[in-house]
Amino acid sequence: MPARRGPPARRPRRASTRGGRAEAAWREFAASFARAGMVPPAEAGLAAVEAAEGAAVLLLAPRQALTFTGKCRLRCLYGAVRLLGFAVASHQPGLPVFSPATHCALTLEALPADRPPAADLRQLRAAARAAMRAHSVRRQARVKVMARFSPECAVVLLEHLDTPVTRFLLSHPPLSRLFEPQKKEESSFTPEDAVLASVGIVKCSPDRGLLVSESMLLALEELIQVCCAEDEGVPVVLVCGPKNTGKSTFNRYLINLLLNRLPSVEYMECDIGQTEFTPPGCVSLSNVTEPILGPPFTHQQTPRKMVYYGQTSCEQDTERYLDVVKYVFSSYKKEVPLVINTMGWVKGEGLLLLIDIIRLLSPSHIVQMDVYDWKAMAPLTPEYVHLTPGLYTKGKQQAKCKQMGMSGVGSWKSSEGEEDASAPEYKLLYVHPEFPRAGVAGEARVHSGILRDMSILGYLGQLQSPDIGAVLPLHSLVPYQVPFNAVALRVIHTDVAPTNIMYAVNASWVGLCRIPDEIRCQTDGPVLLTQTPVCDCLGFGIVRGVEMEKKLYHVLTPVPPENLRLVNCLLLGNIAVPNCVFVGQQGVEGEIPYVTSDYNYSILGSGKLKKKKHFKRREYAFECDYT
């Protein structure tokens, strides 16, 4: 017996030698979680076994859940699991999963396994064993998993995930710990935790996951039923509410639930401050066919229709904002359900603007998210929207009052039934979030400005090579050369003198747009627009240089060349390239381009970055020195 036990004991040492630096890196990564001081003991029934280098097999008992922070690629080998509402079965390909410390942690839950009625335990065990063998799970791992196997469990393969986008984000020091858990006072580190950490995830408390309230569950059930029904008309669901009430999380959960039953869902983004699929400052319409298993910076994509508004708030120009919303909504074909996200500005003129949007888009269902006291906004019942004047539209009561004369009482009564017939017809669903600090302004997990910068960095991460390797700094990439007279130019948010326009454009974030008018210029100088057009935006870029002698813009962008040929307008808004892109330029000796400490603030039009000192200092759940 001792002679037979000897060889297996030596195999790990030989594997360690072959693994070399790669395995040492995995061990160091796993040890970092222990040093951070977190992770409660594994629950009974949770089995995590190392399947290969950078891979693990996870066995979940029926209804057992794992709440985690980190990133990985998930593949269900046996049974079925649910993640943020999306059901993952064994026939589906691997899915990238992102659960950073900046957002609500994801929860993986085992669902009852679908199996043939006549299948016996031996056949089910053989199916699970064959699935693990097909994905190169080590024999030792298969033996451990099958020792705890039951027909109702779920077997999941977790693999280390490294994408160009995440590599680019993590290369910036303020975000280097984006997927690592935060410190806790008490901790314990189990073997299962070490296996999960080697993949890139760590178990955390269920309280950090999504807390689905009863009202949210009832609203989701009704929306799923109506969206999947083959009745006349396609549902249009508008989600509204104050800031920090979970609108974005609700939208992701709803879309994932719908994708369990429908091939696609349309999503219209009207919140220009916190966009889902685009960089900030956009109103867009996207066709969603894949589950949303991460925050916005992990799934930046090109929408079906997009307009660059150029600011994160529409308070300065609400009329143009409504024009943009109307323009984008006109592309909706009413073939699949539409989910509309709105801004958290619901006080004062913001509420009046929301009423205008409701009248403009005519939703079939409105999901109003607010805390129980309704201090932020009144219930948006059809009667309330029917009678209340908006910012640009009139309420019915207001219109009738203006028409009333001496005999106003009679005309009021005679037209009352007729006016009620034209009231908006939609179903109002109330959702009361129950997560900590829900609805409290300034109590979000991470400041909104950081989330916007992360979306921009996620978009710029598309410039990185898809091959696993070192991160290429942006200044090492070759930009496109664009002649001055080939594109029109417009600064959206402020007036800039023509003599200073190139100073404003240089090193700026610009929308690459297409206007219907042909660009005509008698000279080779810049073409300046006098008004901001409402036009299609095809993508974004950084003007990393302006060559005055050759009359060229140098633009760095991930937009493919076939789409760049359609661009004839550059829109410059009030959205800047993240500071960490300038400060963190690698391989630069001496003074960093576009960064200086020797600056004369007395020059007209110059100024320091504004700090909102009237906001109270808060302790973010995500530790990030972003300044």
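These figures come from a predicted structure and were not determined experimentally.

So, the overall build of the chain
In step 1: If you tally the helices and strands in the chain, you get 17 helices and 23 strands.
In step 2: Here the chain, with 627 residues, has 49% of them falling under the buried criterion.
In step 3: Contacts spanning at least 24 positions in sequence make up 78% of the contacts within the chain whose residues lie at least 6 apart.
In step 4: Of the roughly 31400 Å² that the chain leaves accessible, carbon and sulfur atoms contribute 52%.

Brief notes about the side chain of S215
In step 1: Turning to its location among the elements, S215 is positioned in helix α7 (residues 214-228).
In step 2: Here the side chain of S215 touches H432 through a polar contact of 2.9 Å, landing on its backbone nitrogen.

Regarding the sheet that holds strand β22 (residues 552-556)
In step 1: Taken together, seven strands build an open sheet; the order of strands is β17-β22-β21-β19-β23-β18-β20 and the sheet is mixed. One side of each edge strand has no neighbouring strand; the edge strands of this open sheet are β17 (480-483) and β20 (527-528).
In step 2: In this sheet, β22 lies alongside strand β21 (residues 536-547) in antiparallel orientation, the contact comprising five bridges. Note that in β22 the partner of V543 across the bridge is V555.

Description of the sheet that holds strand β10 (residues 236-240)
Within a sheet, neighbouring strands are paired by backbone hydrogen bonds and run either parallel or antiparallel to one another.
In step 1: The mixed open sheet is built from seven strands, whose spatial order is β13-β12-β11-β14-β10-β15-β16. At either end of the open sheet lies a strand with only one pairing partner, and these are β13 (305-308) and β16 (427-431). On average, adjacent strands in this sheet sit at an angle of 15° to one another, irrespective of strand direction.
In step 2: Here four bridges tie strand β12 (residues 282-288) to β13, and the two strands are oriented antiparallel to one another. Looking at β13, one finds that V283 is bridged to V307.
In step 3: Seen against the sheet, α7 touches β10, β15 (365-369) and β16 and runs at an angle of roughly 145° to β16.

Considerations on empty space enclosed by the protein
In step 1: In this structure the tally under the stated criterion is two cavities of 30 Å³ or more.
In step 2: Computed from the structure, the largest cavity encloses a volume of approximately 50 Å³.
In step 3: Surrounding the largest cavity, Y321, T342, M343, W345, V346, G350, L353, L354 and I357 form its lining.
In step 4: At four residues, the largest contribution of residues to the lining of the largest cavity is made by helix α10 (residues 349-361).

Thoughts on the packing of helix α9 (residues 318-329) against α10
In step 1: Across the interface, α9 lies against α10 with an axial gap of 11 Å and an inter-helix angle of 25°. In terms of their interaxial angle, α9 and α10 are classed as roughly parallel. In the packing of α9 onto α10, the handedness of the crossing is right-handed. Residue-level contacts link T318, Y321, L322, V325, K326 and F329 of α9 to L353, D356, I357, L360 and L361 of α10.

A few points about the nonpolar core
In step 1: Among the nonpolar cores identified, the biggest contains 61 residues, and Y308, L460, L474, W509, L512, F540 and Y553 are the most heavily contacted of them.
In step 2: Residues in contact with F540, not counting those within four places in the same chain, are P279, C282, M306, Y308, Y459, W509, V510, G511, L512, T557, P558 and V559.
In step 3: V81, A154, L158 and L293 belong to the second-largest nonpolar core, a separate cluster that totals 53 residues.

Side note on the pattern of salt bridges
Side chains that differ in charge, positive against negative, can pair when their charged atoms come close.
In step 1: By the definition in use, this model includes 10 salt bridges.
In step 2: Where R177 meets E180, a salt bridge forms, and the shortest distance between an N and an O atom there is 3.5 Å.
In step 3: For R177, a relative accessible area of 26% gives the class partly exposed.
In step 4: Using a relative accessible area of 21% as the deciding quantity, one classes E180 as partly exposed.
In step 5: The closest approach of N and O atoms between E222 and K427, which form a salt bridge, is 2.5 Å. With E222 in helix α7 and K427 in strand β16, this residue pair connects regions lying 205 residues apart in the sequence.
In step 6: Judged by its relative accessible area of 28%, E222 falls in the partly exposed class.

A word on the confidence of the model for the chain
Note that predicted coordinates carrying low pLDDT should not be read in detail.
In step 1: In the predicted model, the chain carries a mean pLDDT of 83, and 79% of its residues have values of at least 70.
In step 2: Considering only residues more than four positions removed or in separate chains, one finds that residues 399-421, a stretch of pLDDT under 50, has 12 contacts.

Describing the state of the cysteines
In step 1: Per the stated rule, a full pass over the model turns up zero disulfides.
In step 2: C204 carries a free sulfur, and the closest cysteine sulfur to it, the one in C104, is 8.9 Å from it.
In step 3: A relative accessible area of 6% means that C204 is categorised as buried.

Reading the values: rules and limits
Residues numbered from 1 in each chain as written. Predicted model: local features only at pLDDT ≥ 70, side-chain atom pairs only at ≥ 80, totals over all residues. Heavy atoms only, no water. Helix = DSSP H or I, 4+ residues; strand = E, 2+ residues; numbered from the N terminus. Buried < 20%, exposed > 50% of the residue type's maximum accessible area, 1.4 Å probe, protein only. Contact = heavy atoms within 4.5 Å. Areas by Shrake-Rupley, 256 points an atom, 1.4 Å probe, with all protein chains shown as cover. Polar contact = N/O pair within 3.5 Å; in protein donor to acceptor, adjacent residues only side chain to side chain. Pairing = 2+ DSSP bridges. Axes fitted to C-alpha atoms, helices over the stretch in contact; angles between N-to-C directions. 1 Å grid on protein atoms, 1.4 Å probe; cavity = no way out; pocket = protein on both sides within 12 Å on 5 of 7 lines; lining within 4 Å. Points joined across faces, edges and corners; volume = space filled by probe spheres on them. Parallel < 35°, antiparallel > 145°, perpendicular 65-115°, else oblique. Left-handed = near helix turned anticlockwise from the far one by under 90°. Core = buried A, V, L, I, M, F, W, Y, C linked by side-chain atoms within 4.5 Å. Salt bridge = Lys/Arg side-chain N within 4 Å of Asp/Glu carboxyl O. pLDDT = per-residue confidence, 0-100. Disulfide = S-S within 2.5 Å.

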